[in-house]
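What follows is each chain in one-letter form.
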Amino acid sequence: MGSETDGFASGRKRMDDGTLSQYLYSKSLAQGQTCKYKKPGGRKFPQQLLSKHPLSVESLPAEILVKIFSYLDVASLLCAGCVSKRFSLIASDNVLWCKIFACRGLVKRTWKSSAVDKHAESLAQISVQDKPLGYWKKECLRTWTSSGKAGVGQMLRSINKFTGLPRRTAEALKSLGVHWIVVLKDKSGKEFVVEPTGVHFHDTSVTVSWTAAFWPNLSSLTALQIHGVTWVHLDPSSKVPKKNWPRRRSLVTEYDLTNLKAVSVPIASDKLIQLSCLTPGLLMALWKEGVGITFVMACLHYYHLLERSTLGSATRLYSKWLFKADSNKLQEDIRAHSI
């Protein structure tokens, strides 16, 4: 017993005089263990000793992870939610996003940070947690997405009497930073995204072209989709979006590529490529030798283009709801007002 006490005391003295790493290293040498990991002085830690206590961020409790995530900015918090399913649930915590919402001035704060109002703050956090998980995250993203659309309605009020379209549609699209991407899907469900290389605005339409150094094999593709993409402005003071800001997709149109010869019409060709047209308004250039794509070009009409490029989702097209009036009820209302 005395030897064990002396050994513990001597080990405690070594930890007080030096560091924990020095104590672990000296203890491993006394036990004759092999060392693999180096300590700051150039010596090594025992591999067997470290394997007994593995450390991982995933193994931390949820409360500690929420505290760590509270120090992240919005872009980093969104990126952390894409790491794993557990991180996604923790990064969608209502208390985190409600505080972000309040700090940005988007909602009126119902609690203060003083010591007197600690009880009121705890009650406010309980009421925040009553909402479904991710509620305040959706509210933040929805508010930030719609914040840049305040002056767009003014641009679309003036109508061209010859075309019946808003005069400033191109200006509205540019002010929102809308651009269009091509998404190619293969038989395994993988997506291949191509960014636009050329955009040309006209009186009633916009022409967009996409080129890439590498295209997937055409025989393995099942669909070609055109998405309208807008940036979610996380910082209202910054007009130029940053690369780590999230982007929102809106499906504009989709083409079936499973039987390309049946749905396309050849319109021109030369020695190298063949140009085919897919309805509506898509041109696809294919190499004559092989099954590769050269470029893709689309003509997008201005009719509801702003709504289709911003108000749809990544999987569904934008649809304008049309409510038909009940003729019987309409006649009854007319009779009632005519008496």
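Figured I'd write up the structure that's included with this text.

Of regular secondary structure, the protein chain possesses 14 helices and 12 strands. In the form shown here, the protein chain has an accessible surface area of approximately 22,300 Å², with 57% of it arising from carbon and sulfur atoms.

It is worth spelling out the layout of surface pockets at this point. Rolling a probe over the atoms, with the probe sized like a water molecule, indicates the empty space that remains. Counted as a void, the second largest pocket has a volume near 370 Å³. The wall of the second largest pocket is formed by 18 residues, among which Leu 218, Leu 260, Lys 261, Ser 264 and Leu 286 lie closest to the centre. Elements supplying a minimum of two residues to the lining of the second largest pocket: α12 (260–263), β9 (264–269), β10 (273–278) and β11 (282–287). Across the lining of the second largest pocket, the residue classes break down as 8 nonpolar, 7 polar and 3 charged.

What follows deals with the environment of Val 263. Along the chain, Val 263 turns up in helix α12. Relative accessible area serves as the criterion here: at 40%, Val 263 is assigned to the partly exposed category. Distance from Val 263 to Ser 276, taken between C-alpha atoms, is 9.7 Å for residues 13 residues apart in sequence. In contact with Val 263, not counting residues within four places along its chain, are Asp 256, Cys 277 and Leu 278.

As a further point, take the sheet that holds β9. Taking strand neighbours across the sheet as the criterion, the 6 strands line up as β5-β6-β12-β11-β10-β9 in an open arrangement whose pairing is antiparallel. On the outer flanks of this sheet lie β5 (198–201) and β9, each paired with one strand and no other. Looking at each pair of strands side by side, their axes are set apart by 20 degrees on average, direction ignored. Bridge count for β9 against β10 is 5 bridges, and the pairing is antiparallel. If you follow Val 265 over to β10, its bridge partner there is Cys 277.

So, about the packing of aromatic side chains. This model, assessed by the stated rule, comprises 3 aromatic pairs. Ring centres 5.5 Å apart and planes at 85 degrees place the aromatic pair Phe 69 and Phe 87 in the edge-to-face group. Of this pair, Phe 69 sits in helix α4 (residues 62–69) while Phe 87 sits in helix α6 (residues 85–91), and the two are 18 residues apart along the sequence. Taking 6.1 Å as the distance between ring centres and 75 degrees as the angle between the ring planes, the aromatic pair formed by Phe 192 and Phe 214 counts as edge-to-face. One end of the pair, Phe 192, is in strand β4 (residues 191–194); the other, Phe 214, is in the loop between β6 (205–211) and β7 (221–231), with 22 residues separating them in the sequence. Residue placement shows Arg 247 over the ring face of Trp 231; its charged tip is 5.6 Å from the ring centre.

With that out of the way, let us pick up helix α11 (residues 169–176). Within α11, burial applies to Thr 169, Ala 170, Ala 172, Leu 173 and Leu 176. On an axial view of α11, the arc spanned by its buried residues comes to 160 degrees, and they lie on one face. Gly 177 occupies a position one or two residues after α11 and carries a positive phi of about 70 degrees.

The next thing to look at is the pattern of salt bridges. What the rule picks out here adds up to 4 salt bridges. Between Glu 191 and Arg 249 there is a salt bridge whose closest N-O contact spans 3.4 Å. Of this pair, Glu 191 sits in strand β4 while Arg 249 sits in strand β8 (residues 247–256), and the two are 58 residues apart along the sequence. When its relative accessible area of 43% is taken as the criterion, Glu 191 is described as partly exposed. Ionic contacts of the salt-bridge type, sharing partners, join the residues Lys 185, Glu 191 and Arg 249 into one network.

Within β7, 9 of the 11 residues are buried, leaving the element largely enclosed by the surrounding structure. Direction of pairing for strand β3 (residues 179–186) relative to β7: antiparallel, over a ladder of 8 bridges. Paired with Lys 185 across the strands is Ala 223, a residue of β7. Across 9 bridges, the pairing between β7 and β8 is antiparallel. The residue bridging Ile 226 from the neighbouring strand is Thr 253, located in β8.

Another aspect to go through is the sheet that holds β3. Reading across the sheet, the 4 strands line up as β4-β3-β7-β8 and stay open at both edges, with antiparallel pairing between neighbours. Of all strands in the sheet, those with a lone pairing partner are β4 and β8, marking the two edges. Strand-to-strand twist of the sheet, defined as the mean angle between neighbouring strand axes without regard to direction, takes the value 30 degrees.

Its place among the elements puts Asp 93 in the loop between α6 and α7 (94–103). The side chain of Asp 93 is buried and forms no salt bridge, while Lys 99, the nearest opposite charge, is found at 8.0 Å. Of note is the side chain of Asp 93, whose polar atom sits 3.1 Å from the backbone nitrogen of Val 95.

Conventions adopted
Residues numbered from 1 in each chain as written. Predicted model: local features only at pLDDT ≥ 70, side-chain atom pairs only at ≥ 80, totals over all residues. Heavy atoms only, no water. Helix = DSSP H or I, 4+ residues; strand = E, 2+ residues; numbered from the N terminus. Areas by Shrake-Rupley, 256 points an atom, 1.4 Å probe, with all protein chains shown as cover. 1 Å grid on protein atoms, 1.4 Å probe; cavity = no way out; pocket = protein on both sides within 12 Å on 5 of 7 lines; lining within 4 Å. Points joined across faces, edges and corners; volume = space filled by probe spheres on them. Nonpolar A, V, L, I, M, F, W, Y, C, P; charged D, E, K, R; others polar. Buried < 20%, exposed > 50% of the residue type's maximum accessible area, 1.4 Å probe, protein only. Contact = heavy atoms within 4.5 Å. Pairing = 2+ DSSP bridges. Axes fitted to C-alpha atoms, helices over the stretch in contact; angles between N-to-C directions. Phe/Tyr/Trp six-rings, centres within 6.5 Å; stacked < 30°, edge-to-face > 60°. Lys NZ or Arg CZ within 6 Å of the ring centre and 35° of its normal. Arc of directions from axis to C-beta. Salt bridge = Lys/Arg side-chain N within 4 Å of Asp/Glu carboxyl O. Lys, Arg positive; Asp, Glu negative; His and termini not counted. Polar contact = N/O pair within 3.5 Å; in protein donor to acceptor, adjacent residues only side chain to side chain.

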